[in-house]
Amino acid sequence: MKRLSIFFATLLLSVGSVMAAETVAYTLTPAVGENNSYAGNGDVKVGDITTANFQEKATPAEVVTMLWKEDSYTFNTGTHARDMDYYNGRLYVMNKNDKKIYTIDAATGKADAETYVAADNLTGYSVCADNAGNLIATEGAYGMTNCLKASKVVNGVATYLNNTATSTGGRIDYLDVYGDIESAEGAMIVGASVNTADNIAIWTMKNGALENAATPTILTGKRGNFATNADVCIVDQNKFWTSGASQKPMLFTLNEDKTDATIQTLNIPCDLGGIAAFTLNKKDYIVVPSGKAGAVALYDVTDIANPEMVETTAFVGLNVNGLTHVAIAANVNGNSAYIYVFAPNGGAAAYQFTPANTSTDVENSAIVAPKAIKVLRNGQVLIIRDGKTYNMMGHIVE
């Protein structure tokens, strides 16, 4: 587990006395000889705050907090429920044995026994939500080999999209979708093969209908091999990640006509299929399985050549053992990202990730100007700027 450092500073006054240590976000450097009263209120000026001083060292630790954890669900037995996606406060879980898509309250982890979608063709591994909340769910207990067979779910109603022979050249288990499948602008659907051939298929769908069901765009030989339980996470209309058992995550950036892609491989372990990606405060992150018991690892991949691990979570559920796929979804809301994990034959969990410098009561931007000064008031080091007083963590002092 990697955390950003917090420094403990001891302020040495010019007269030689020592103030008790105070937990602050950077080491203070007193201004020698500056012990004059400031603003006539008894504050003793002890130094100036500079932009570099504060921005380089005043960085609170990143925080990952578990919000809830469920050890099991009645519908999550064996390997029947393998995939999950998030939309608008709900987690959607596909169960190929029950031929149903179940819903879980993303805020509490409780399953909604009364809200589900049932259809004879909901027998596959994968379910994914588009940007408008429509779902794509696959058919076939053993994936989709040289074909696309799936249903769309719009307003809770499943409509079969048929079983169409394709040029995919291998079996595909998991899909992802980006856009709105019911709109004129449409959506992109991507899947990666898990055996026979190293292929990635890209379909388009507009106004509720597949445009190229039989002839998707195929990217061949891009991963160097195929991977068991290969999964896809689409970032936007031009980029997507792939993962798979014992295969390092790869970021695909499509060319203008989406017939080819440049690829960046992330040098981190990925034990299983399953991946989520999000951007928060202008930084890019991914979440991948860690081990084979439902744990996940969160990485900062803003510099893709130098990924930084932020946190590794605990396992999920009581019965998880030897998984090959963990379903992961992420949602950004305000200054936090919410990460959801669903483990087949186990349980689920939700985590809140709050990066550094995003607390709503910290006004770091207000105290990095050169005119801000450090003062000593009743034994406490404070910062004053524009008539406002802050403690050393950037919180306003009343």
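Conventions we followed
Residues numbered from 1 in each chain as written. Predicted model: local features only at pLDDT ≥ 70, side-chain atom pairs only at ≥ 80, totals over all residues. Heavy atoms only, no water. Helix = DSSP H or I, 4+ residues; strand = E, 2+ residues; numbered from the N terminus. Buried < 20%, exposed > 50% of the residue type's maximum accessible area, 1.4 Å probe, protein only. Contact = heavy atoms within 4.5 Å. Core = buried A, V, L, I, M, F, W, Y, C linked by side-chain atoms within 4.5 Å. Salt bridge = Lys/Arg side-chain N within 4 Å of Asp/Glu carboxyl O. Pairing = 2+ DSSP bridges. Axes fitted to C-alpha atoms, helices over the stretch in contact; angles between N-to-C directions. 1 Å grid on protein atoms, 1.4 Å probe; cavity = no way out; pocket = protein on both sides within 12 Å on 5 of 7 lines; lining within 4 Å. Points joined across faces, edges and corners; volume = space filled by probe spheres on them. Nonpolar A, V, L, I, M, F, W, Y, C, P; charged D, E, K, R; others polar. Lys, Arg positive; Asp, Glu negative; His and termini not counted.

Asks: Hey, could you go over the environment of Ser 193 for me, with residue numbers and the actual values?
Replies: Tracing the chain through its elements places Ser 193 in strand S16 (residues 187-193). A relative accessible area of 1% places Ser 193 in the buried class. Sequence separation between Ser 193 and Ala 230 is 37 residues; the distance between their C-alpha atoms is 6.7 Å. Residues contacting Ser 193, with those up to four places away along its chain left out, are Gly 170, Arg 171, Ile 172, Asp 198, Asn 199, Arg 223, Phe 226, Ala 227 and Ala 230.

Asks: A description of the nonpolar core should follow, citing residues and the corresponding values.
Replies: By size, the foremost hydrophobic cluster in this structure holds 21 residues, and its most contacted members are Phe 278, Val 287, Leu 298, Ile 339 and Phe 353. Those elements that place two or more of their residues in this core are strand S24 (276-280), strand S25 (283-290), strand S26 (295-300), strand S29 (336-342) and strand S30 (348-354). By size, the runner-up hydrophobic cluster in this structure holds 18 residues, among which are Phe 75, Tyr 86, Ala 329 and Ala 350.

Asks: Any details on the pattern of salt bridges? Residues and values, ideally.
Replies: In this structure the tally under the stated criterion is six salt bridges. A salt bridge links Arg 223 to Asp 198, with the nearest nitrogen and oxygen atoms 2.8 Å apart. Taken as a pair, Arg 223 in the loop between strand S19 (217-220) and strand S20 (231-236) and Asp 198 in the loop between S16 and strand S17 (199-206) lie far apart in primary sequence, 25 residues in all. Taking relative accessible area as the criterion, Asp 198 reaches 11% and is therefore assigned buried. A salt bridge links Asp 300 to Lys 283; the shortest N-O distance between them is 3.8 Å. You can see Asp 300 sitting in strand S26 and its partner Lys 283 sitting in strand S25, a full 17 residues away along the chain.

Asks: Quick one: what's the story with the pairing of S16, residue by residue and with numbers?
Replies: Counting buried positions along S16 gives seven out of seven residues, so the element sits mostly inside the fold. Alignment of strand S15 (residues 171-179) against S16, held across six bridges, turns out to be antiparallel. Bridge assignment links Tyr 178 to a residue of S16, and that residue is Met 188. Note: S16 against S17, six bridges, orientation antiparallel. In the sheet register, Val 190 faces S17, and the bridge partner there is Ile 202. If you look at the hairpin formed by S16 and S17, you'll find five residues sitting between the two strands, and Thr 196 has a positive phi there, around 70°.

Asks: I'd like a rundown of unusual backbone geometry, residues and numbers included.
Replies: At Lys 99, a residue that is not glycine, the phi angle is positive and equals roughly 60°. Within the secondary structure, Lys 99 is located in the loop between strand S7 (90-95) and strand S8 (100-105). Positioned with a positive phi, Thr 196 is a non-glycine residue whose angle comes to about 70°. Here Thr 196 lies in the loop between S16 and S17.

Asks: Please set out the sheet that holds strand S27 (residues 308-312) residue by residue, giving values where relevant.
Replies: Strand order in the open sheet made by the four strands is S24-S25-S26-S27, with antiparallel pairing throughout. The two strands at the open ends of the sheet, each matched to only one other strand, are S24 and S27. Across this sheet, the average inter-strand angle for adjacent strands is 25°, counted without regard to direction. Where S26 and S27 come together, four bridges link them in antiparallel fashion. Along S27, the bridge assignment pairs Leu 298 with Glu 311.

Asks: Before we move on, could you go through the layout of surface pockets and cite the residues and values that matter?
Replies: Computed from the structure, the largest pocket encloses a volume of approximately 840 Å³. Taken together, 41 residues make up the lining of the largest pocket; nearest its centre are Asp 176, Cys 233, Ile 234, Val 235 and Ala 277. In terms of residue class, the lining of the largest pocket is made up of 27 nonpolar, seven polar and seven charged.

Asks: Pulling in residues and values, what's your account of the side chain of Lys 96?
Replies: Topologically, Lys 96 is positioned in the loop between S7 and S8. There is no salt bridge for the buried Lys 96, and the closest opposite charge comes from Asp 98, which lies 9.9 Å off by N-O distance. Once you skip the residues sitting within four places of it in the chain, Lys 96 turns out to touch Thr 79, His 80, Arg 82, Leu 122, Thr 123, Gly 124, Tyr 125 and Ala 141.

Asks: Which residues make up the sheet that holds strand S23 (residues 261-265), and what values go with them?
Replies: Read across the sheet, four strands follow the order S20-S21-S22-S23 without closing on themselves; strand pairing throughout is antiparallel. Whereas interior strands pair on both sides, the edge strands pair on one side only; in this sheet they are S20 and S23. With direction set aside, neighbouring strand axes in the sheet form an average angle of 25°. Sheet topology note: the S20/strand S21 (residues 239-244) ladder contains five bridges and is antiparallel. Residue pairing for S21: Cys 233 is matched across the bridge by Trp 241.

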